[in-house]
Amino acid sequence: MVKMVSHGKHIAIIVEQLNKFNPENQSMEDFLNESAKVLQTLNVTDENFVLETLAGCIEYKSLLDVVVNAFFVRDGKHCLFSERNLYVVICYLATFQLEELGLQHFSRIVKSLDTAKMHKFLRFFFNALNLNTWIKDEWSHFYDSLYVKENWIDPLLRWQPKMQQVIEQFADKLSNCTTIVKTSTVTQPKEFNLTVPKPRAIPIPLPIPVLEKSQPVPPSTYKSPKEKKQLEEIKTKNRRKAEDLLLKANANQFRCATMKLEKGKNTPDSMKSKPTFQAQKIQSRIDNIPVKLNAAAILREGALYQRKMEQELKRIENLLRGAKDPSEFLEWQKQMRGKDLEEQLAEIECKRLQGKLSHEEAVLAHQNVIQENKKKADLMREEKAELMHQYAEKRLQEQKEMRELVEQVVEGHKNAKQAKLKLQKYKQQIVQEVCEESRELLQQALEEEEEKLRKRYELIQQIRAIESLPSLKNKFVDLTETGGHGLICEMSIVELRERLALLRETQKAAEEEKRDQIIHEKQAKEQLLLDKLDQISLFRAELGRAAALKQEEKKRKSQSGERPVKDERILNLQQKIIEKTMERKKQAELLKITPQKTSVTSVKNSLQQNHWKELEESRERQFKILQHGFMARETAQKMAAYEAAKSGATVCILRSEVK
C-alpha cells in the first residue's frame, strides 16, 4: 500500500503535469522522463505513485474521457473546465487503483480535496445505473465487453455500497459546514526606484495685459439677411404648388374604378377642370386574348372552379331545405354602411376643425411667450452686470496668491540640492554590489549550459548509431488475404471488389425501375392537365355571359349622393374658431408690432387661410369620390342578390367577385 504525507499536494502535482502534456508534440516516455526530473524532491514511494498515476491517466485517456465528458454534460454543468484533469485523476484511481489503495486510503485522498466537487463526481460515477448501462457500453467500444465487465465494472459495483457511505459523509459535511472565506494575502506595493527629475525653472509671471475697449456689435448681426427671406418665399410657393398637385391627385384617384355619372348631371368639379387628355378606346376585347397557362396555373384555376362549384351546390341544397333569401340582409348592410360613411366623414370634419382651433390657440400662446421673454431678458442683463463685477474682484485676488506661491517654491528648491547629492552616493554603492552578483550568476549559467550541450551531443550520437542499422523495407502483399486485425467484418481486397461490382448492378436496376415509374407519372399528369383545361374553358364561357349581364345592369341604374348634414360638434368647433380668431386679432393690436413684422405675419396669415380653404375643398371632393364608390359597390351587391334568386353555377362566381 502506498503511504503519502499530504494527499492534496501530490494530486495537485499530478494535475499540473497532465496540463502540460501535449500528445501531438511529445511521446509518453519523454513526458515521464521530464516529470521524473521535476519530482526528484519527493521520496521514492511518492515519486513512484505520481509517475504510475500519470502513466495510467495517459494510457487509459479514451476510457476516462468518456466518464469525465458525460459528467460535464450532466451533473457538472457549473464546474470549471480547467479542473477537468482533476476529475480524470480521481476517475483513474477509483477504476484501476482502488483495490491496491484500499477504501480508507482512497477516502483520505478524496477528503483532502474540495468536498462539493468530489461529492458531485463520486455520486455520478458510482451510480449503479450509469455503470451498468452507458459506461459499460461506451467502454466496450474500446475493449472486449467481457473483459470490461469482469475487470472494471464488477469491482466498481462491489465497492459501490461502501463508496455510498463516503458519499453520504460528504453530503452531511456539506449540509453542516459553514462557508469559510479564505483571506488572501494582500499585495504590498513598493515604490519604484526612479531618478528624481530636475526641478524646472519657475517662469517669471508676465504682466497682465489690459484689454482695449472693443467695438460694439453691429446691429446687422441680429437681423436676418434678405436672401433668407427670398428663400422662404420661394419655399412657400413651391409648397403651395406641391399641395395643389396633391389635392388634384387625391381628387382624381381611382377614377378608372368609379362609374360614370349621367349626362344630365354636371358637378361643379367637372365644370371647373375638364381633362384635356382623352385616352383612345381599345377596339378588340380583352377577353379574347389567348393566355398561355403552365401546369401550376391550370391546376390552381381548376381547383378554384371546383371549390366554387361545391359552394354553389351547398347553397342550392340549403335553399331547397328552406334557407332564406339574402336580399333583406343586403339591404340592411347597405343602410349600415351608409351610416358608417356619414359618421366617418363627420369625424374627419371634426378633426380638421380641431386642427384649425389648435392653430389659433398656438398663435395666442406664441404672443404670450414673446411678452414673457422680454421681461426675462431685462432680468438677465441686470444679473450679467453683477456677475462681471464679482469676476473682476476674484481675478485680482488670484493674482496675489500666485505671486506668494512663486516665492515659496523658489525657497524649497534651494534645500532640495543637498538631498539630491546624498541620494546619488547611495545609488552608486548599490550599483557596485549588483554588478558583482550578476557576474557570479553568469558564470554559473555558462557552466550549466555546457553540461547540457555535452549530454545532448552524446544522445545524438546514440540515435545516429541506431539509425545506421540495416532494416527490411520490402514487403509482399497478397490481395486474397485479410488484414488479420481480428474483426468480424474483415475481408480481402478481391472480395471487396466483387461486392462493389454487385452493388453497382443493383443500383443500375433500381435506376431503371425509377425511370419507368417517372415516365408513367408524367403521362398521368399530362392527361389530368388536359381534363382541367376542358373544365376551365367551360367555366370561362359561363363567366363571360355573367359579365355581360352585369354590365347591362350597371348601364340601366344611376347613382346619386347627397352631402351629410353637419352635426352639432362641427358647428360648435366653427363657432370656437371664429371666437379665437377675434381674440388673436385683438392681442396683435395690443402688442403693437413694427410695420415690417406685421406685413410678414399678415402674409403668413393669408397663406394659412388659403391653405385651410384648399383643404376644405379637397375634403369635399374626397367625400364625393367616396360616396360615388360606395354607391357603385351597393349596386353590384343588389345585382348579385337579384341573380342569386335565379339559379346556375355562374351566379356563384358573380357573388364571390362582389365579396
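Residues numbered from 1 in each chain as written. Predicted model: local features only at pLDDT ≥ 70, side-chain atom pairs only at ≥ 80, totals over all residues. Heavy atoms only, no water.

### Focus on the overall build of the chain
Stage number 1. What the chain contains, in helices and strands, is 18 helices and 0 strands.
Stage number 2. Taking all 659 residues of the chain together, 23% fall into the buried category.
Stage number 3. Within the chain, contacts between residues at least 6 apart in sequence are counted, and of these 77% link residues at least 24 apart. (Helix = DSSP H or I, 4+ residues; strand = E, 2+ residues; numbered from the N terminus. Buried < 20%, exposed > 50% of the residue type's maximum accessible area, 1.4 Å probe, protein only. Contact = heavy atoms within 4.5 Å.)

### Describing a negative patch on the surface
Stage number 1. On the surface, Glu401, Glu404, Glu407 and Glu411 cluster together into a negatively charged patch.
Stage number 2. On the basis of relative accessibility, which here comes to 46%, the residue glutamate 401 falls in the partly exposed class. (Patch = residues over 30% accessible without salt bridge, like charges linked within 9 Å, V, L, I, M, F, W, Y side chains within 5 Å. Areas by Shrake-Rupley, 256 points an atom, 1.4 Å probe, with all protein chains shown as cover. Salt bridge = Lys/Arg side-chain N within 4 Å of Asp/Glu carboxyl O. Lys, Arg positive; Asp, Glu negative; His and termini not counted. Charge placed at Lys NZ, Arg CZ, Asp CG, Glu CD.)

### Side note on the pattern of salt bridges
Stage number 1. The full count for this structure, using the stated rule, is 17 salt bridges.
Stage number 2. Between glutamate 243 and arginine 239 there is a salt bridge, with its nearest N and O atoms 3.5 Å apart. Remark: arginine 239 and glutamate 243 occur in helix α11 (residues 226-251); sequence separation between them is 4 residues, near one turn of the helix.
Stage number 3. Among the ionic pairs, glutamate 398 bridges to arginine 395, the shortest N-O distance being 3.9 Å. Of the two residues, glutamate 398 and arginine 395 are both situated in helix α14 (residues 327-467); the distance of 3 residues between them amounts to about one turn of the helix.
Stage number 4. When its relative accessible area of 46% is taken as the criterion, arginine 395 is described as partly exposed.
Stage number 5. Salt bridges linked by common partners bring Lys61, Asp65 and Arg84 together as one network.

### Re helix α10 (residues 145-176)
Stage number 1. At glutamine 160, α10 is deflected by roughly 50°, the largest bend along its length, and proline proline 161 occurs up to four residues later in sequence.
Stage number 2. Buried residues of α10: Val148, Trp152, Ile153, Pro155, Leu156, Trp159, Gln160, Met163, Val166, Ile167 and Phe170, and no others.
Stage number 3. Of the surrounding elements, those touching the buried residues of α10 are α4 (61-73), α5 (84-96), α6 (98-101), α7 (103-111), α8 (115-125) and α9 (128-140). (Bend = angle between axes of the 7 residues up to and from the residue.)

### With respect to the packing of α8 against α10
Stage number 1. Their axes nearest at 9 Å, the elements α8 and α10 cross at an angle of 150°. Judged by the inter-axis angle, α8 sits roughly antiparallel to α10. The two elements α8 and α10 meet at a crossing, and its hand is left-handed. Of α10, the residues touching α8 (which contributes Thr115, Ala116, Met118, His119, Leu122, Arg123 and Phe125) are Leu156, Met163, Ile167, Phe170, Ala171, Lys173 and Leu174. (Axes fitted to C-alpha atoms, helices over the stretch in contact; angles between N-to-C directions. Parallel < 35°, antiparallel > 145°, perpendicular 65-115°, else oblique. Left-handed = near helix turned anticlockwise from the far one by under 90°.)

### What to know about a nonpolar patch on the surface
Stage number 1. Residues Val196, Leu423, Tyr426, Ile430 and Val434 make up a contiguous nonpolar surface patch of about 450 Å² in total accessible area.
Stage number 2. Take valine 434: it is sitting in helix α14.
Stage number 3. Accessibility expressed as a relative area gives 47% for valine 434, which makes it partly exposed.

### Examining the packing of aromatic side chains
Stage number 1. Inspection of the entire model under this criterion finds 20 aromatic pairs.
Stage number 2. With a centroid separation of 5.3 Å and an interplanar angle of 80°, the aromatic rings of tyrosine 147 and tryptophan 152 are classed as edge-to-face.
Stage number 3. Residue tryptophan 152 is classed as buried on the basis of its relative accessible area, which comes to 5%. (Phe/Tyr/Trp six-rings, centres within 6.5 Å; stacked < 30°, edge-to-face > 60°.)

### Some words on the packing of α7 against α10
Stage number 1. For the pair α7 and α10, the least separation of the axes is 12 Å and the interaxial angle reads 30°. α7 and α10 meet at a crossing whose hand is right-handed. Residues Leu103, Phe106, Ser107, Val110 and Lys111 of α7 touch α10, and the partners they reach there are Trp159, Lys162, Met163, Val166, Gln169 and Phe170.
Stage number 2. Class assignment for the residues of the contact of α7 with α10 results in 7 nonpolar, 2 polar and 2 charged. (Nonpolar A, V, L, I, M, F, W, Y, C, P; charged D, E, K, R; others polar.)

### Observations regarding the nonpolar core
Stage number 1. Judged by nonpolar contacts, the single largest core of 61 residues is most densely connected at Ile11, Leu93, Phe106, Leu122, Phe125, Phe126 and Trp139.
Stage number 2. Beyond its immediate chain neighbours, meaning those up to four positions away, tryptophan 139 contacts Leu63, Val66, Val67, Thr95, Val148, Trp152 and Ile153.
Stage number 3. Counting residues in hydrophobic clusters, the runner-up holds 6 residues, among them Cys350, Leu353, Leu573 and Ile577. (Core = buried A, V, L, I, M, F, W, Y, C linked by side-chain atoms within 4.5 Å.)

### Considerations on the confidence of the model for the chain
Stage number 1. Confidence in the prediction of the chain, expressed as mean pLDDT, is 77, and 78% of residues score 70 or more.
Stage number 2. Taken as a whole, residues 629-659 scores under 50 in pLDDT and shows 51 contacts with residues more than four places along the chain or in a different chain. (pLDDT = per-residue confidence, 0-100.)

### Re α7
Stage number 1. Among the residues of α7, those classed as buried are His105, Phe106, Ser107, Ile109 and Val110.
Stage number 2. The inward-facing, buried residues of α7 abut α1 (7-20), α5, α6, α8 and α10.

### Description of the side chain of glutamate 83
Stage number 1. If you trace the backbone, glutamate 83 turns up in the loop between α4 and α5.
Stage number 2. You can call glutamate 83 buried: its relative accessible area is 17%.
Stage number 3. For glutamate 83, the side chain forms a polar contact with the side chain of lysine 117, separated by 2.5 Å. (Polar contact = N/O pair within 3.5 Å; in protein donor to acceptor, adjacent residues only side chain to side chain.)

### Some words on a positive patch on the surface
Stage number 1. On the surface, a cluster of positive charge is made up of Lys37, Lys452, Lys455 and Arg456.
Stage number 2. Tallying contributions element by element places α14 first for the positive patch, with 3 residues.
Stage number 3. Mapping lysine 37 onto the fold places it in helix α2 (residues 28-38).
Stage number 4. Under the relative-accessibility criterion, lysine 37 is labelled exposed at 61%.

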